[in-house]
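# Structural characterization, general
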Amino acid sequence: SYCWPRDAIFITKAMYKLGMEKEVEKFYKSFCSNTQSKNGMWEQRFYTDGNLAPAWGYQIDETASVVYGVYDYYNYKKDVKFLKDNLKMCEKAVSYLEKYVDNILEGNKIQPSYDIWEECEDIHTYSLATIFSAFESMIEINEAVKPLYETNRLKLEQIAKANEKLKKYLVEIKKYILANLYDADKTP
């Protein structure tokens, strides 16, 4: 009776391949939208009715996975309206992820995040790779919705600035991983 947002993203991929598109769209438009915290994050797990379930920590990849999942479904469906319907939700999530990455890059104390297997709290390669994927996905989401705002110069400027900022984060995340989470001596 539990739902981890990250795990649900993998399940939705199987669902849309089985033709269960309405259920996938309902997951994003209802479940994800209703369970997203005001600050943009998703907690570790929920009951399937959307209520917060007991948790033993936090996993940053829960938030990052949802943004990736929205774009992954769009890649399958090619429905720009689906992206537009979920745009604000993704923007809030990315804003939260940016703050998380800023804290790491600036050496500030961050909210501990469990690894994917919920065994230890720290900064993890998998978690940063998931954030990297969310940022790449948000760039693509912005590019896909841009034509909807042809006559809205301010929104187009906002999209351009957001994408430039995200591209810089992609570079910084790679640098951080290589400097702190990669050991060339242990690589075959």
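Right, let's walk through the structure included here.

Conventions we followed
- Residues numbered from 1 in each chain as written.
- Predicted model: local features only at pLDDT ≥ 70, side-chain atom pairs only at ≥ 80, totals over all residues.
- Heavy atoms only, no water.
- Helix = DSSP H or I, 4+ residues; strand = E, 2+ residues; numbered from the N terminus.
- Rg over C-alpha atoms; globule rule 2.2 N^0.38 Å.
- Buried < 20%, exposed > 50% of the residue type's maximum accessible area, 1.4 Å probe, protein only.
- Contact = heavy atoms within 4.5 Å.
- Areas by Shrake-Rupley, 256 points an atom, 1.4 Å probe, with all protein chains shown as cover.
- Lys, Arg positive; Asp, Glu negative; His and termini not counted.
- Charge placed at Lys NZ, Arg CZ, Asp CG, Glu CD.
- Expected span 1.5 Å × (residues − 1).
- Axes fitted to C-alpha atoms, helices over the stretch in contact; angles between N-to-C directions.
- Parallel < 35°, antiparallel > 145°, perpendicular 65-115°, else oblique.
- Left-handed = near helix turned anticlockwise from the far one by under 90°.
- Nonpolar A, V, L, I, M, F, W, Y, C, P; charged D, E, K, R; others polar.

### A look at the overall build of the chain
Broken down by element type, the chain carries six helices and four strands. Sequence-ordered secondary structure for the chain, helices as α and strands as β, is β-α-α-β-α-α-β-β-α-α. Its C-alpha atoms give the chain a radius of gyration of 17 Å, near enough to 16 Å, the size a compact globule of 188 residues would have. The C-alpha extent of the chain, read off along each of the three principal axes, is 50 × 45 × 35 Å. Taken over 188 residues, the chain has a buried fraction of 46%. Contacts in the chain between residues far apart in sequence, at least 24 positions, make up 68% of those at least 6 positions apart. Working note: accessible area of the chain is about 10400 Å², and carbon and sulfur atoms make up 53% of it. Averaging the positions of the 26 positive and the 29 negative side-chain charges in the chain gives two centres separated by 7 Å.

### Examining helix α1 (residues 5-17)
With 13 residues, α1 should reach 18 Å at 1.5 Å per residue; the first-to-last C-alpha distance of 19 Å fits that figure. All buried positions along α1 are accounted for by Pro5, Arg6, Ala8, Ile9, Thr12, Met15 and Tyr16. Buried positions along α1 lie against β1 (2-3), α2 (21-35), β2 (46-47), α3 (60-77) and α5 (125-145). Looking one or two residues beyond α1, the residue adopting positive phi is Gly19, at roughly 85°.

### Brief notes about unusual backbone geometry
A positive phi angle, near 60°, is found at Lys78, a position not held by glycine. Take Lys78: its relative accessible area is 53%, and that puts it in the exposed class.

### A short note on the packing of α2 against α3
At a closest axis distance of 12 Å, the pairing of α2 and α3 adopts a crossing angle of 150°. It follows that α2 is roughly antiparallel to α3 by the angle criterion. Considering how the two elements wind past one another, α2 and α3 form a crossing that is left-handed. Residues Glu21, Val24, Glu25, Tyr28 and Cys32 of α2 form the contact with α3, whose participating residues are Val66, Gly69, Val70, Tyr73, Tyr76 and Lys77. In the contact of α2 with α3, the residues fall into seven nonpolar, one polar and three charged.

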